Amino acid sequence: MLTATDRYLARLIAVPMLGTLVIAAMLLVLDKMLSLFDFVAAEGGPVSVVWRMLANMLPEYLSLGIPIGLMLGILLAFRKLALSSELDVMRAVGLSYGRLLRVPYMYAIALALLNFGIVGFVQPLSRHAYEALRFELRSGALGASIKVGEFTNLGKRMTLRIERSLDEGRNLQGIFVRAVSRDGQSVAVTAAQGTFLATDDPDVIIFRLRNGVLVNDAPKYKTPRILSFSSHDLPIDLPQIENFRGRDVDREKTIPELMVIGKNPATPEKLKDEVRANFHFRMVEVVFMFLLPLAALAFAIPPKRSTSALGVFLSIVFIVTYHKVNQYGEGIGALGKVDPIIALWGPFLLASGLVLWMYHVIANRPGGQPIGALEVAFSKLGKHIVRLLRFGRRRPAAQGAA
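Residues numbered from 1 in each chain as written. Predicted model: local features only at pLDDT ≥ 70, side-chain atom pairs only at ≥ 80, totals over all residues. Heavy atoms only, no water.

An unreviewed UniProt entry lists the protein chain under the name YjgP/YjgQ family permease, with Sphingobium cupriresistens LL01 given as the organism. In its Subcellular location (unreviewed entry) section, the UniProt record describing the protein chain reads: "Cell membrane". (UniProt positions renumbered as here; feature names shortened; annotations may be inferred.)

Below, the structure is given as structure tokens:
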């Protein structure tokens, strides 16, 4: 049963945790959105595909944002308790740090399971869907729009140019089309207006032209044939589009699929190294979340009579640095230079030792502060910076008095 203290802690953790998770996801989405708009515009694709691509990127962003949100949620909650002296009261009535961490570990277990589901099953599928959208944009399978004022090649034998596009492409004006058949026959058409129409054949569309001139030439013609028309249907064979690859990349495989490939004796050694490295990378990222409540508590509590936020800064540096070390470990493990178990679980053991030492200091040593030396150093540095700024403001006044 949860006590009133547990419910109070749960509320304190939930607000900053959810806020941090939302802000982190929004920042990552906004950063990616700008590059996606540039990419889609350059490929001539519809704007709607940007939102589909961002939706497929959300699982990857959540897998990064959930540990950060968990860390900062617990840290800011205990920091608030420490600064308001509520933590001292709780400790005085017999609540140990181990007891106070019951609720944080409930959050950690729930979010670790959620993150395992994301990195193990959802993220591989969404990554493949994202790459498929990129492929379809580059190949034109998404119906990339024809760029106004530029010559566009439809296959190898047709060139099209449009002066104006109205009604979202349904009304095209100032049209020039030139097509060459395999036997050398060519058709050049200019028209005032035109519209693309679908047919029963998915590989053929009709370009209905109005008020134009058609010039037909062939090797057997002595002179080109010229035809004026009020309406003319020009069939266009759509270029064949290569099918996108399957989920052949290790990052696009689910956890069970990675295990099957890794245990298969027929798997090449290079692929086996890549699969094992990716598998251990995902697992170590999830298991590391169980250390975050201990690390957050150690970073959260500042020295007495201090409101320093150095622990907040160091916690972000700690978790981001560890993630980058894991990425490097995955890279060298995939190359076969170091066994993936050593490359990924070795840093995990070192980080675990550091976190457990920090928790031991804060929990079992009276007045212990694992980052106390850094607090003192940054405090002195801050005082020197303030003095320099004050000196810089007072100097002009002193010169004016002289």
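## Considering the nonpolar core
Counting residues in hydrophobic clusters, the biggest one holds 58 residues, and the most contacted among them are L70, F78 and F288. The greatest single-element share of this core, amounting to 10 residues, is contributed by helix 2 (residues 48–83). Apart from residues no more than four positions distant in its own chain, F78 is found in contact with L9, L87, L100, L101, P104, L297 and A300. Within the second largest apolar cluster, 17 residues are counted, among which are L172, I175, A191 and L214. (Core = buried A, V, L, I, M, F, W, Y, C linked by side-chain atoms within 4.5 Å. Buried < 20%, exposed > 50% of the residue type's maximum accessible area, 1.4 Å probe, protein only. Helix = DSSP H or I, 4+ residues; strand = E, 2+ residues; numbered from the N terminus. Contact = heavy atoms within 4.5 Å.)

## Some remarks on the pattern of salt bridges
Throughout the structure, instances matching the rule amount to eight salt bridges. Two residues, E60 and R127, come together in a salt bridge whose shortest N-O distance is 3.7 Å. Separated by 67 residues along the polypeptide, E60 in helix 2 and R127 in helix 5 (residues 102–139) bring together distant segments of the chain. With a relative accessible area of 24%, E60 lands in the partly exposed category. Of the charged contacts in the structure, one is a salt bridge between R161 and E163, with a shortest N-O distance of 2.3 Å. Judged by its relative accessible area of 43%, E163 is partly exposed. (Salt bridge = Lys/Arg side-chain N within 4 Å of Asp/Glu carboxyl O.)

## Some thoughts on the pairing of strand 5 (residues 204–217)
By the bridge criterion, 12 bridges tie strand 4 (residues 186–198) to strand 5 in an arrangement that is antiparallel. What sits directly across from S186, in strand 5, is D217. Across 12 bridges, the pairing between strand 5 and strand 6 (residues 225–237) is antiparallel. Of the residues in strand 6, the one forming a bridge with R208 is D233. (Pairing = 2+ DSSP bridges.)

## Quick notes on the sheet that holds strand 3 (residues 171–180)
Taken in spatial order, the six strands line up as 1-2-3-4-5-6 in an open sheet, and their pairing is antiparallel. Of all the strands in the sheet, the pair left with one neighbour each is strand 1 (151–153) and strand 6. Neighbour to neighbour, the strand axes of the sheet diverge by 30° on average, direction disregarded. (Axes fitted to C-alpha atoms, helices over the stretch in contact; angles between N-to-C directions.)

## A word on the domain arrangement of the protein chain
You can read the domains of the protein chain as domain 1 (4–138 + 249–389) and domain 2 (156–237). Taken over C-alpha atoms, the centre of domain 1 sits 57 Å from the centre of domain 2. (Domains from an automatic or database assignment.)

## Describing the UniProt feature "transmembrane region" (unreviewed entry) in the protein chain
Using the residue numbers shown here, the UniProt feature "transmembrane region" (unreviewed entry) corresponds to residues 12–30, 61–82, 103–122, 279–301, 308–325 and 340–359. The annotated region residues 279–301 carries 78% helix and 0% strand content, and the separation between its end C-alpha atoms amounts to 35 Å. Regarding residues 340–359, the helix share stands at 100% and the strand share at 0%, and the terminal C-alpha atoms are separated by 28 Å.

## Let's talk about the environment of V376
Along the chain, the position of V376 falls in helix 11 (residues 372–401). Its relative accessible area of 46% is what places V376 among the partly exposed residues. Taking the C-alpha atoms as reference points, V376 and P303, separated by 73 residues in sequence, lie 9.5 Å from one another.

## As for the packing of helix 2 against helix 8 (residues 292–300)
Between two packed helices, both the angle of their axes relative to each other and the distance between the axes serve to describe the pair. With their axes 8 Å apart at the nearest point, helix 2 and helix 8 run at an angle of 40° to one another. Classed by the angle they form, the pair helix 2 and helix 8 counts as oblique. Where helix 2 crosses over helix 8, the handedness of that crossing is right-handed. Listed contacts from helix 8 to P67, L70, M71, I74, L75, F78 and R79 of helix 2 are L292, P293, A295, A296, L297, F299 and A300. Residue composition of the contact of helix 2 with helix 8, grouped by class: 13 nonpolar, no polar and one charged. (Parallel < 35°, antiparallel > 145°, perpendicular 65-115°, else oblique. Left-handed = near helix turned anticlockwise from the far one by under 90°. Nonpolar A, V, L, I, M, F, W, Y, C, P; charged D, E, K, R; others polar.)

## Focus: the side chain of D6
Tracing the backbone through its elements, the reader meets D6 in helix 1 (residues 4–43). A polar contact is formed between the side chain of D6 and the side chain of R99, at a distance of 2.8 Å. For D6, the residues in contact, after removing those within four places along its chain, are M1, R99, R102 and V103. (Polar contact = N/O pair within 3.5 Å; in protein donor to acceptor, adjacent residues only side chain to side chain.)

## Comments concerning helix 9 (residues 310–334)
A turn of α-helix holds 3.6 residues, and therefore any two residues three or four places apart point the same way. With 25 residues, helix 9 extends 36 Å between its outermost C-alpha atoms, agreeing within 8% with the 36 Å of an ideal straight helix rising 1.5 Å per residue. At the exit of helix 9 stands G336, carrying a positive phi of roughly 80°. (Expected span 1.5 Å × (residues − 1).)

## Observations regarding the packing of aromatic side chains
One pass over the structure, following the stated rule, counts eight aromatic pairs. The interplanar angle of 85° and the centroid separation of 6.4 Å between the aromatic rings of F151 and F176 together place this pair among those described as edge-to-face. Separated by 25 residues along the polypeptide, F151 in strand 1 and F176 in strand 3 bring together distant segments of the chain. On the basis of relative accessible area, F151 is assigned to the exposed category, the value being 56%. (Phe/Tyr/Trp six-rings, centres within 6.5 Å; stacked < 30°, edge-to-face > 60°.)

## Let's talk about the packing of helix 8 against helix 10 (residues 340–364)
Between helix 8 and helix 10, whose axes approach to 9 Å, the crossing angle comes to 50°. For the element pair helix 8 / helix 10, the angle class is oblique. Relative to helix 10, the crossing made by helix 8 is left-handed. On helix 10, the residues touching L294, A295, L297, A298 and F299 of helix 8 are V355, L356, M358, Y359 and I362.

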